[in-house]
Every structure is written in C-alpha cells, then in structure tokens.
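Single-letter residue listing:
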Amino acid sequence: MTTKQGSGGAASATVSPGLVTTETGELHRAIDWRGAFWVAAGVPPLVLFSIGGIAGTTGKLAFLVWIISMIMGFLQSFTYAEIAGMFANKSGGASVYGATAWLRYSKFIAPLSVWCNWFAWSPVLSLGCAIAAGYILNSLFPIPAADSQMVIDWVTANASALTAESPRVVEWLGANAGKTAQDAMTALLTQDGIAALTPGIRTWSLFSFQIPYLAQANLNATFFIGVILMLIMFAIQHRGIASTAGAQKWLAIIVLVPLVVIGVLPIITGKIDMMNVTGLVPPTAAYSGVDGAWTLGGWTLFLGGLYIAAWSTYGFETAVCYTREFKNPKTDTFKAIFSSGLLCILFFFLIPFTFQGVLGHAGMLAPGIVDGTGIGEALAAMVGGGKFVTQILVILMILALFLAIMTAMAGSSRTLYQGSKDGWLPRYLTHVNEHGAPTRAMWTDFAFNLILLAIASDIAGYFFVLAVSNVGYIIFNFLNLNAGWIHRVDSGHVERPWKAPSWLIGLNTILAFVNALFLGAGAKVWGYSNALWVGLVFAALILPVFAFHIMGRMAAASRRRH
C-alpha cells in the first residue's frame, strides 16, 4: 500500500482503496454500504430539531429553505464521495479526508477541519437528549393545558383571590389595552392555576449557574433524564459498528416508515392548504407571524434559515465516516453516501412541506413545535388521530431522536479517533475496545455533551448550542468543499474509485463560498449577537491544543534520542 506524506507526517492519500484487512487494535471491517446507510438513517429526524425555529425565522419560506438546503447538501456530497474513496484506511468522515489536502499549505488547517466537524456533530447528543427528555416529561408529568378541566375547576375554586382593584389586575390592564377587568382576572387566575397544578419535577432544579460569556446552565430534570439516555446510547455503541448498524436498522424502519406515511397522507387526503405554501415572502421579523417583504432584513432572515438548515440537511455526509469499517471501501463508499442522500431528499422535501401546508405559519410557531417537544401531537393532529395515536407518535418521536443521537455518537467519535490516529489530536483517543469501538473518543463525546446538555435544558440555551455548533459545521464545509479541487491539483495521480464530474467539483467550490455567506448572515439571526464569535473562538481552541500536542510529541522524540 502506497501513501503520500504531507507536512506533519499524516498520510494525505491512500492508493489502494479496495478490499483491506483489519489489523489488531483497529476499527473492525464489519459492515458494507447498507450498514453505513442504516447508521446515517439518523439524519432525517434532524428535521425535527429545528423545523419550528426555521419556520419562525423564515415564515412562509420555511419549506423552500429546507428544499434549497437539501439540494445544496446533495450536490456537495459528490465532492465528499470522491475524496472519501481515496482513503480506504481512514475513518472519521469528510473532515479527515479533506484535511489531508490542506497539509502542505498549513499544519493548522487540517486539525481545524477535524475539530470543527466534531464540535458541529457532537452536540446532536445533547440536543437530541434534551428534546427526548422533554417528551418523556410531557408524557409522565404533563403541564396542564389552560382549557383543561382541572385548571377550569381551580380557577372557579379560587375566583375570590382577585378583584378588579387588585394590583396585578391593574398592571395587566395597563399592558393589555381594550380588555376588561374580568378578562384580566380570568387570564391571571388561569396562569396561577397552571403554575399550581404543574408537577414539581417540571420546575425542580438541583442548581443552575452562569457560564461566563456563554449561557445559563441548569441541572434540572431534563438534564438528568438526558444523561441516562446518553448512557443507553453509549452502551449500544460499545459493542461496535456492526451492533450499532443493526440497532439503527430496526429503529429506522420503526420510525421512518410511519413518518413517510404521515407526510404523504395529508397530501393524498387534501389537507394541504395552498395558502400556507404560496405568497412566499419573509416575515417582518423573526417569530412575528406577519408576512413582510424582500427587503435587506427579509433576505437576512432567509439566509439565516439556510444557515441553520445546513446543520441538518448536509448531515448525511456522515455516511462516509465508516470507510475504515467497510468490508469493501472501493465500492461501498459511494453507495453509502448516495443512498443516504436520496433518503434525506425524501424526508427534507416532504416533512417540512406537509407540516407547513397543514399547520400554517401560525401553527408552526406553537411553543411545542419551536422547542420540538410537541411534534408528536402535531403529527397526530395532521392525520386526525386520537389520544392513543398521539401516544404512539410520541414514542416514535423519542425513537427518532435515539436514531439521530446514535448517528451523531458513531460519527463524531470516529472523527476524534482518526484525528488522533493522524497526529492532530491527543493519542489517548486512538484506543478501541475488543469490539472495535473507539471508546475513549466516545467518553470524550459524553463528557463534552454533559456541559452542553446543562445549557440546552431550556429552549434559549438549546438554540444557542445549535447556532454555535453550526459555526463549526459551516467552517468544515467551506474547507472540505475546497479540498475537492485541491486534491485534484495535488493528488490527481491517486486512484479514485468514484470520480465526480469536474463541473460539479467547480460548482461545489462556489457553494463553499455561498456557505460562508450563510455564516456571516445567519449566526446572529438566531437571537444571539455573540453566537458567531463564540463559535469562532471555540473553533480556534484547536490551535493551542494542536500546538501543545506537537510540542509534547517533539519532546518525547527528543527524550527517546537521548
């Protein structure tokens, strides 16, 4: 096997991408392209993570944003498919394969690519567990609805607690012109009733604290349930990629088939209101619910939607994370990413269109849609299901989140593993267990996501984590789409089991700069003026880590010589 060494000593190309044997202490060659397809099947449920947020930000343009973003992701995947085929003995995905292209130009860009891809993918664990914990809490300890009988009875029993002269009533009337004192008392008593009847676990917190310059962290019930869920995912993946793929296969069938049926049924039965998907203009402001115009502000919201959608729609590139674990990487690599892309096209075209067509802009702004915990109830309403159907769909949504979390843990841990193997990250991450699972990388993912889960345990922190992690994802895509043409120039002699058309490599290079435009316009749209800067600072953290790591290796080599 022939390799070409770039600066820093990492292999920049592998010439023999065909059938390769497994070495002791390495990842196991245990799956074909179908296994990678099932592992990547956790990407379609990512639409549930931000479908409400994108609808709030872009209004009636939401379903169009998803379609445009998915088309971009599919086109870009062909660059990743080509460069992945060049590296039969590497794991970790496109960031690793693309990083090698930059080695001769800068030692620091390669680890930056790997780092940015990891901190973009890894937060799926915490975000998915936060939503799943919300579903579990809603099922076991529901917050009573304002129109529920128990709240109505409470209001009736406590009607004498407020009068027209009460300070709270006067204050409420001052903020709600044109309303009567009776309106004020009803609204305030309803709020009090909901608060009084809300199970204590929904407001309980062990403690909360401010992380300087970042966000508020909260160790509440969502956090602790999320930790348990992450440990369950870890236990499944501990048995290696074949076990993970097997579990993903059945989860995907159980989750994705009903989701397709629910997406298609409203179209067949005529429940789509065309008024909800025509007259495509941006809103006047994020979450305003009012149609605006194509002004500078409107374009900014549109680009902001494309920015956050990329985090989900581009994600099926994770299918090439497992090249080192393919039985026959020469044929499996392209099949894995192409089939995964087709699956994502179906879901990212269908689900946002059906949601918006049935619910409308106002329905998409409901709190349960925005934070992701009301998706199951919304799906049941779309198909006219009762309470039993709603409970079944809630369970399916939890399983869908498990699917996404499993995909993220498998891919992000292998990115850490290969980054360590190539000398860009600390060596302890190269450890694999007897099943070929990179367990130290998985534990690192777990520890990192404990911090993120504490932040994401409320809706404000949730979208902060999402916005910051996507800074890394856009940087990764920019670097690796450019890596396609750099590999063509510098490593044109290296065998490519599948080669993209040259015009598509060129188009994807242009899309790299389009993604950079999304980064500039999009990060601040999500309500966090510092999200872009926090993301850039976090991306830059790899530079001192890498420098320290290199100095440590040099010192160790010097000691061996003496």
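Worth saying up front: this structure is predicted, and the values here are computed from it rather than measured.

Attention shifts here to the layout of surface pockets. Gaps left between atoms show up when a probe the size of a water molecule is rolled over them. As a volume, the largest pocket reaches approximately 850 Å³. Surrounding the largest pocket, 31 residues form its lining, Asn138, Ile143, Arg202, Asp371 and Thr373 being those nearest its centre. Mapped onto the lining of the largest pocket, the elements with two or more residues apiece are helix H6 (124-140), strand S4 (215-220), helix H10 (221-237), helix H14 (367-370) and helix H18 (459-490). Looking at the lining of the largest pocket element by element, the count peaks at five residues for H6. Classifying every residue of the lining of the largest pocket by side-chain character gives 15 nonpolar, twelve polar and four charged.

Of all six residues making up S4, five are buried, and the element is well covered by its neighbours. Alignment of strand S3 (residues 205-211) against S4, held across six bridges, turns out to be antiparallel. Looking across to S4, one finds that phenylalanine 207 is bridged to leucine 219. Linking S3 back to S4 in an antiparallel pair, the connection comprises three residues, with tyrosine 213 at a positive phi of about 70°.

A separate point is the pattern of salt bridges. Inspection of every chain in the model, using the stated rule, returns five salt bridges. With its nearest N and O atoms 3.7 Å apart, the salt bridge here joins aspartate 490 to arginine 104. Of the two residues, aspartate 490 is situated in helix H18 and arginine 104 in the loop between helix H4 (94-102) and helix H5 (109-121); the sequence distance between them amounts to 386 residues. One salt bridge in this structure joins aspartate 192 and arginine 168, with 2.9 Å as the shortest N-O distance. Of this pair, aspartate 192 sits in helix H9 (residues 181-197) while arginine 168 sits in helix H8 (residues 167-175), and the two are 24 residues apart along the sequence. Note on arginine 168: relative accessible area 35%, which makes it partly exposed.

Take the packing of helix H2 (residues 47-58) against helix H3 (residues 62-85) next. Put simply, H2 and H3 touch, their axes get as near as 8 Å, and they point 125° apart. Comparing their axes, H3 and H2 come out oblique. The handedness of the crossing between H2 and H3 is right-handed. Here Val47, Ser50, Ile51, Ile54, Ala55 and Thr58 of H2 lie close against H3, whose contacting residues are Ala62, Val65 and Trp66. Here the residues of the contact of H2 with H3 sort into seven nonpolar, two polar and no charged.

Here the focus is unusual backbone geometry. Even without being glycine, tyrosine 287 reaches a positive phi, approximately 65°. Among the structural elements, tyrosine 287 can be located in the loop between helix H11 (241-268) and helix H12 (296-313). For tyrosine 287, a relative accessible area of 37% translates into the label partly exposed.

This brings us to the confidence of the model for the protein chain. In this model, the protein chain carries an average pLDDT of 82, and 89% of its residues clear a pLDDT of 70 or more. Contacts of residues 1-24 to residues separated by more than four positions or lying in other chains number 69 contacts, the stretch itself having pLDDT below 50.

Moving on, we come to the packing of aromatic side chains. Applying the stated criterion across every chain, the model contains 27 aromatic pairs. Look at phenylalanine 119 and phenylalanine 538: their rings are 4.8 Å apart centre to centre, the planes differ by 70°, and that puts the pair in the edge-to-face class. Of this pair, phenylalanine 119 sits in helix H5 while phenylalanine 538 sits in helix H20 (residues 531-540); the two residues are 419 residues apart in sequence, bridging distant segments of the chain. Judged by relative accessible area, phenylalanine 538 falls into the partly exposed class, the value being 22%. A centroid spacing of 4.1 Å and a plane angle of 40° characterise the contact between phenylalanine 234 and tryptophan 443, whose relative ring orientation is tilted. Taken together, the residues phenylalanine 234 in helix H10 and tryptophan 443 in helix H17 (residues 439-456) connect sequence positions 209 residues apart. When its relative accessible area of 6% is taken as the criterion, phenylalanine 234 is described as buried.

Moving on: the packing of helix H15 (residues 375-382) against helix H16 (residues 387-421). Where H15 meets H16, the closest approach of the two axes is 8 Å, and the angle between their N-to-C directions is 135°. In terms of axis orientation, H15 runs oblique to H16. Note on packing geometry: the crossing formed by H15 with H16 is right-handed. Residues Ile375, Gly376, Glu377, Leu379 and Ala380 of H15 pack against Val389, Thr390, Leu393, Val394 and Met397 of H16.

This next bit is on the environment of aspartate 153. Within the element layout of this structure, aspartate 153 appears in helix H7 (residues 149-157). Linking aspartate 153 and glycine 193, residues 40 residues apart in sequence, is a C-alpha distance of 8.9 Å.

On to the environment of leucine 251, then. Secondary-structure assignment places leucine 251 in helix H11. Using a relative accessible area of 14% as the deciding quantity, one classes leucine 251 as buried. Through-space distance from the C-alpha of leucine 251 to that of glycine 42 is 8.9 Å; in sequence the pair is 209 residues apart. Non-local contacts of leucine 251, meaning those with residues more than four positions away in its chain, are made with Leu399, Phe402 and Leu403.

Calculation notes
- Residues numbered from 1 in each chain as written.
- Predicted model: local features only at pLDDT ≥ 70, side-chain atom pairs only at ≥ 80, totals over all residues.
- Heavy atoms only, no water.
- 1 Å grid on protein atoms, 1.4 Å probe; cavity = no way out; pocket = protein on both sides within 12 Å on 5 of 7 lines; lining within 4 Å.
- Points joined across faces, edges and corners; volume = space filled by probe spheres on them.
- Helix = DSSP H or I, 4+ residues; strand = E, 2+ residues; numbered from the N terminus.
- Nonpolar A, V, L, I, M, F, W, Y, C, P; charged D, E, K, R; others polar.
- Buried < 20%, exposed > 50% of the residue type's maximum accessible area, 1.4 Å probe, protein only.
- Pairing = 2+ DSSP bridges.
- Salt bridge = Lys/Arg side-chain N within 4 Å of Asp/Glu carboxyl O.
- Axes fitted to C-alpha atoms, helices over the stretch in contact; angles between N-to-C directions.
- Parallel < 35°, antiparallel > 145°, perpendicular 65-115°, else oblique.
- Left-handed = near helix turned anticlockwise from the far one by under 90°.
- Contact = heavy atoms within 4.5 Å.
- pLDDT = per-residue confidence, 0-100.
- Phe/Tyr/Trp six-rings, centres within 6.5 Å; stacked < 30°, edge-to-face > 60°.

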